[in-house]
Amino acid sequence: MQETSDRTSINWLRNIIIGDEGLRELDEYARQNLSSDPGHDYAHALRVALCALEIADGVSDARSIIAAALLHDIVNPPKNSPLRKRASELSAERAMELLPNFGFDKVRVENIAAAIRDHSYSRGAIPDSLLGQILQDADRLEALGAVGIMRCVATGVQMGGELFHSTDPWARDRELDEQKFAVDHFFTKLFKLPNTMQTKKGRDEALRRVGVMQRFLDDLGQELGHRRV
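Since we're looking at a predicted model, the values are computed, not measured.

1. So, the nonpolar core
In terms of nonpolar packing, the biggest core is built from 60 residues, with Leu 26, Leu 99, Phe 104 and Leu 144 touching the most fellow members. Setting aside its immediate chain neighbours within four residues, Leu 144 contacts Leu 190, Leu 193, Met 197, Ala 206, Arg 209, Val 210 and Met 213.

Listed below in structure tokens is the structure:
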């Protein structure tokens, strides 16, 4: 999934969208209505769409993949909201309402909504459809690698947490606390994501991105004077 061809570029994705009137209008709606939260904003939706298309590699409907990616976070309650666990369900309901207005037929609408509903980690669902599996893997890949590091830190700070424990960053003598320390989230959730991937391409890419994060933590430990063993 490295940038080896035009098919991995945002410009390539934008050209697909521009060439489809319904997608073009849906894209504009997403641009105007997605959250400004950097972990769930319009740029995130485009990256998920691009990643999903690469995982699919032509074996699933590109139009549905892009639509699902653009709307998968269209309802985005704050992390500390009681509605947070229902975010994917609420986004699926919104997609059901919106998609007919952008030229999607009943079957596609239902498939896209089901994929959106089941994609989230907190829901704990395993998607039945290939579209759902692709969307789930692509969204989880966004939590890993260099982008994943930035999203994790941004979310932790946004929620009032610290970057890491100052004297015990690797939790050798304390319990992990992802609510308080952003780096703890790597160990409580993020490094477990490769085992949840539904596609081979998603799993392979997840392992590569975890390697990026492991190297980052090794470098961080050197700079902090707390080397990882």
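There is more to say, and it comes next.
2. Here we look at the confidence of the model for the protein chain
With 94% of its residues at a pLDDT of at least 70, the protein chain reaches an overall mean of 91. Counting interchain partners and residues more than four positions distant, the pLDDT-below-50 stretch residues 1–5 has 9 contacts.

3. Description of helix α10 (residues 200–224)
The first and last C-alpha atoms of α10 sit 36 Å apart over 25 residues, in line with the 36 Å expected at 1.5 Å per residue. Taken together, the buried positions of α10 are occupied by Gly 202, Glu 205, Ala 206, Arg 209, Val 210, Gly 211, Met 213, Leu 217, Leu 220 and Gly 221. Taken together, the buried residues of α10 touch α3 (42–56), α7 (130–141), α8 (145–158) and α9 (184–188).

4. Some remarks on the side chain of Asp 168
Its location among the elements puts Asp 168 in the loop between α8 and α9. Despite being buried, Asp 168 has no salt bridge partner; Arg 174 is the closest side chain of opposite charge, sitting 4.1 Å away. When near neighbours in sequence (up to four residues on either side) are disregarded, Asp 168 contacts Asp 173 and Arg 174.

5. Re the packing of aromatic side chains
Any aromatic ring pair is given by two values, namely how distant the centres are and how the planes are angled relative to each other. All chains considered together, the criterion is met by 5 aromatic pairs. Each ring, one from Tyr 29 and one from Phe 102, has its centre 6.2 Å from the other, and the planes form 55°; the classification is tilted. Placement of Tyr 29 in helix α2 (residues 21–33) and of Phe 102 in the loop between α5 (87–98) and α6 (106–118) is noted, with a sequence separation of 73 residues between them. Tyr 29 sits in the partly exposed class, given a relative accessible area of 22%. For Phe 102, a relative accessible area of 11% corresponds to the buried category. For the pair Phe 186 and Phe 191, a centre-to-centre distance of 5.9 Å together with 75° between the ring planes defines the contact as edge-to-face. Given the relative accessible area of 18%, Phe 191 is considered buried. When the ring centre of Phe 104 is taken as reference, the NZ or CZ atom of Arg 63 above it lies at 4.1 Å.

6. Quick word on the environment of Lys 200
You can see Lys 200 is positioned in helix α10. For Lys 200, the side chain forms a polar contact with the side chain of Asp 204, separated by 2.7 Å.

7. Regarding the packing of α3 against α7
Where α3 meets α7, the closest approach of the two axes is 8 Å, and the angle between their N-to-C directions is 125°. Relative to α7, α3 is oriented oblique. In this structure, the crossing between α3 and α7 has a hand that is right-handed. Facing His 44, Val 48, Cys 51, Ala 52, Ile 55 and Ala 56 of α3, the residues of α7 in contact are Ile 134, Leu 135, Asp 137, Ala 138, Asp 139 and Leu 141.

8. Description of α2
Taking 1.5 Å as the rise per residue, α2 with 13 residues should run 18 Å; its terminal C-alpha atoms sit 18 Å apart, in good agreement. Every buried residue of α2 is accounted for by Gly 22, Leu 23, Leu 26, Asp 27 and Ala 30. Buried residues of α2, viewed axially, fall in a sector of 130°; they line one side. In α2, the exposed residues that point more than 90 degrees away from the buried face are Glu 21 and Gln 32. Close packing links the buried residues of α2 with α1 (10–18), α3 and α4 (62–71). In this structure Asp 20 caps α2, since a side-chain oxygen of it lies 3.0 Å from the backbone nitrogen of Gly 22.

Conventions used here
- Residues numbered from 1 in each chain as written.
- Predicted model: local features only at pLDDT ≥ 70, side-chain atom pairs only at ≥ 80, totals over all residues.
- Heavy atoms only, no water.
- Core = buried A, V, L, I, M, F, W, Y, C linked by side-chain atoms within 4.5 Å.
- Buried < 20%, exposed > 50% of the residue type's maximum accessible area, 1.4 Å probe, protein only.
- Contact = heavy atoms within 4.5 Å.
- pLDDT = per-residue confidence, 0-100.
- Helix = DSSP H or I, 4+ residues; strand = E, 2+ residues; numbered from the N terminus.
- Expected span 1.5 Å × (residues − 1).
- Lys, Arg positive; Asp, Glu negative; His and termini not counted.
- Salt bridge = Lys/Arg side-chain N within 4 Å of Asp/Glu carboxyl O.
- Phe/Tyr/Trp six-rings, centres within 6.5 Å; stacked < 30°, edge-to-face > 60°.
- Lys NZ or Arg CZ within 6 Å of the ring centre and 35° of its normal.
- Polar contact = N/O pair within 3.5 Å; in protein donor to acceptor, adjacent residues only side chain to side chain.
- Axes fitted to C-alpha atoms, helices over the stretch in contact; angles between N-to-C directions.
- Parallel < 35°, antiparallel > 145°, perpendicular 65-115°, else oblique.
- Left-handed = near helix turned anticlockwise from the far one by under 90°.
- Arc of directions from axis to C-beta.

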